[in-house]
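Reading the structure
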Amino acid sequence: MVAAVQRKLGVALVGLSGYARGLLAPALQLTQHCKLAGLVSGSREKAAAWQREYAIPDRNVYTYDDFERIAENDDIDVAYIVLPTSLHAEYAIRAAKAGKHVWCEKPMAMDSAEAQSMIDACNANKVRLSIGYRLLHDPLMQQVAAWAREQPYGKPLRLSAEAGYDGFHGVPGDDWRLDPARGGNPLYDMGVYAINAARHASGMEPVAVSARAEVARPEVFRGMEETMRLALEFPDGLVAHCVTSVGEAMNRLRVECERGWYELSPYQFYDSNRGITSDGIVLDATLGAKPRMQAQQMDDDALAILGGAPSLAPGEEGLRDMRVIDAAFASAKAGGARVEITRG
Ligand code: NDP
């Protein structure tokens, strides 16, 4: 076991995206249990620049067309999918069939059927699937989840989670985040943070959701939602109010319990998240400056593979959020009607 844990896993980034460029590649330089070993890109120029920067040999560079050849490459253990959301399922399944472990960015997929097909492909090919839920590796979120189990302030009575940014101004260009068919939607982009936080801060799985969509600037958000408001109903009657937006900045998680409250604000930044409790405890146990959170996530996921331990964010975790998202879309379409969330 010790020898196995000392081996570093080779990670290929699939999509040399903004997040891969700014956070994941730098984080891979900080990890102890994995390393940047391969690149998959549609841009020859970009791949060449990355090769020079990270000393990646030609044999470890792929295009989307020859991606399957990754199966023959022993330098690469993991394919980390960092593509627009509409491509997650296709590339996760192709990677699994090539015999590579799969890490996939959030949101896991466009819907729960796609998410399930990713899980099935990974199981069938005996590879691991983890979702890039970096906050589940953050001690602050872990503290809130522990309080949901241990209830030092009593049962949660009110819960709210907000996740949004003010990201789009002027005339929209060809940005996949503004194209619903490629995954443009606040629920996909930021809503997963609010939904995931509500699930972990309550310690329960929601049973139903009522959702409403708003568009304040239809000239920017064409044919898509700008802000979504969700009421998540939990089995004990708790209702979590979640708001998510790609037109307004918001970043707060608040839990009011029988004997006090706690709040993280912000809770989903890359670093500097912090909070406070009703009895004056300051919550600031951060992992350090960015990209330490991403490094922790990838080291945790690598150790889970190397040691045969469960992942903190397996495919099933992403699937649970996708089921909430499916129901939220159905509810918004039905004018905010209560929609039950499918259970597995
Ligand atoms: P970008 O828009 O910066 O990049 C997407 C990349 O995907 C492109 O650079 C391109 O890479 C590749 N690509 C392949 N096909 C297409 C296509 N049809 N349209 C557009 N791009 C294409 O994406 P982000 O980095 O912002 O997001 C990527 C993923 O990471 C998303 O799932 C997002 O939700 C997630 N993310 C997660 C964050 C987190 O905190 N966990 C933060 C930010 C994003 P190439 O040129 O190499 O082919």
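Definitions and limits used
- Residues numbered from 1 in each chain as written.
- Predicted model: local features only at pLDDT ≥ 70, side-chain atom pairs only at ≥ 80, totals over all residues.
- Heavy atoms only, no water.
- Helix = DSSP H or I, 4+ residues; strand = E, 2+ residues; numbered from the N terminus.
- Rg over C-alpha atoms; globule rule 2.2 N^0.38 Å.
- Buried < 20%, exposed > 50% of the residue type's maximum accessible area, 1.4 Å probe, protein only.
- Contact = heavy atoms within 4.5 Å.
- Areas by Shrake-Rupley, 256 points an atom, 1.4 Å probe, with all protein chains shown as cover.
- Lys, Arg positive; Asp, Glu negative; His and termini not counted.
- Charge placed at Lys NZ, Arg CZ, Asp CG, Glu CD.
- Core = buried A, V, L, I, M, F, W, Y, C linked by side-chain atoms within 4.5 Å.
- Domains from an automatic or database assignment.
- Arc of directions from axis to C-beta.
- Polar contact = N/O pair within 3.5 Å; in protein donor to acceptor, adjacent residues only side chain to side chain.
- Pairing = 2+ DSSP bridges.
- Axes fitted to C-alpha atoms, helices over the stretch in contact; angles between N-to-C directions.
- Parallel < 35°, antiparallel > 145°, perpendicular 65-115°, else oblique.
- Left-handed = near helix turned anticlockwise from the far one by under 90°.
- Nonpolar A, V, L, I, M, F, W, Y, C, P; charged D, E, K, R; others polar.
- Near = heavy atom within 4 Å.

1. Remarks on the overall build of the protein chain
Helix and strand counts for the protein chain stand at 9 helices and 15 strands. In terms of C-alpha radius of gyration, the protein chain reaches 20 Å, essentially the compact-globule figure of 20 Å for 344 residues. If you line up the protein chain on its principal axes, its C-alpha atoms span 55 × 50 × 35 Å. The buried share of the protein chain, taken over its 344 residues, is 54%. Long-range pairs, those at least 24 residues apart, make up 68% of the contacts in the protein chain with a sequence separation of at least 6. Carbon and sulfur atoms make up 51% of the accessible area of the protein chain, which totals about 14,300 Å². Once the 37 positive and 45 negative side-chain charges of the protein chain are each reduced to a mean point, those two points are 2 Å apart.

2. Digging into the nonpolar core
Leu-230, Leu-253 and Tyr-267 are the most contacted members of the largest nonpolar core, which has 79 residues in total. Counting residues per element, this core draws most heavily on helix α7 (residues 186–202), at 10 residues. Two domains share this core, each providing at least three of its residues, namely domain 1 (9–131) and domain 2 (135–280 + 315–340). Once residues lying within four places of it in the same chain are set aside, the contact partners of Tyr-267 are Leu-135, Met-141, Ala-161, Glu-162, Ala-163, Tyr-193, Ala-194, Ala-197, Asn-251, Arg-252, Leu-253 and Asn-273.

3. Re helix α3 (residues 44–54)
For α3, the set of buried residues is Ala-47, Trp-50, Gln-51 and Tyr-54. The buried residues of α3 occupy an angular sector of 105° when projected down its axis, which confines them to one face. For α3, exposure combined with an orientation more than 90 degrees from the buried face picks out Glu-45 and Arg-52. Tucked inside the fold, the buried residues of α3 contact β1 (9–14), α2 (18–28), β2 (34–40) and β3 (61–62). Positive backbone phi, at 55°, marks Ala-55, one or two positions downstream of α3.

4. Section: the side chain of Thr-31
Tracing the backbone shows Thr-31 in the loop between α2 and β2. Taking relative accessible area as the criterion, Thr-31 reaches 5% and is therefore assigned buried. At 2.6 Å, the side chain of Thr-31 forms a polar contact with the backbone oxygen of Cys-34.

5. Describing the sheet that holds strand β4 (residues 78–81)
Pairing is parallel across the open sheet formed by 6 strands, whose spatial order is β3-β2-β1-β4-β5-β6. The open sheet has two free edges, formed respectively by β3 and β6 (129–131), since each of these has just one partner strand. By the bridge criterion, 4 bridges tie β4 to strand β5 (residues 101–104) in an arrangement that is parallel. Residue Ile-81 lies in a different strand from β5, and its bridge partner there is Cys-104. Its contacts with the sheet put helix α8 (residues 292–307) on β1, β2, β4, β5 and β6, and the angle it makes with β5 is roughly 155°.

6. Topic: the packing of helix α5 (residues 112–124) against helix α9 (residues 315–333)
It is at 8 Å that the axes of α5 and α9 come closest, and there the two elements cross at 165°. The pairing of α5 with α9 is recorded here as roughly antiparallel in orientation. As for the relative orientation of α5 and α9, their crossing is left-handed in sense. Seen from α5, the contacting residues are Ser-112, Ala-115, Gln-116 and Ile-119; seen from α9, they are Gly-315, Glu-316, Leu-319, Met-322, Arg-323 and Asp-326. Of the residues contributing to the contact of α5 with α9, the split by class is 4 nonpolar, 3 polar and 3 charged.

7. Here's the deal with the packing of α2 against α3
The packing of two helices is summarised by the inter-axis angle and the distance between the axes. In contact at an axis separation of 13 Å, α2 and α3 are set at 25° when each is read in the N-to-C sense. One finds that α2 runs roughly parallel with respect to α3. In terms of crossing hand, the pair formed by α2 and α3 is right-handed. Contact residues: Ala-20, Arg-21, Ala-25 and Pro-26 in α2; Trp-50, Glu-53 and Tyr-54 in α3. Grouping the constituent residues of the contact of α2 with α3 by class yields 5 nonpolar, no polar and 2 charged.

8. Some remarks on the site of the ligand
Taken together, 26 residues surround the ligand, and among them Ser-41, Lys-46, Tyr-64, Arg-134 and Arg-177 come closest. Within the side chain of Lys-46, one N or O atom sits 2.6 Å away from an oxygen atom of the ligand. A distance of 2.7 Å separates an oxygen atom of the ligand from a polar backbone atom of Lys-106. The protein chains hide 78% of the 900 Å² of surface that the ligand would expose on its own. Grouping the constituent residues of the shell around the ligand by class yields 11 nonpolar, 9 polar and 6 charged. Two domains share the shell around the ligand, each providing at least three of its residues, namely domain 1 (9–131) and domain 2 (135–280 + 315–340).

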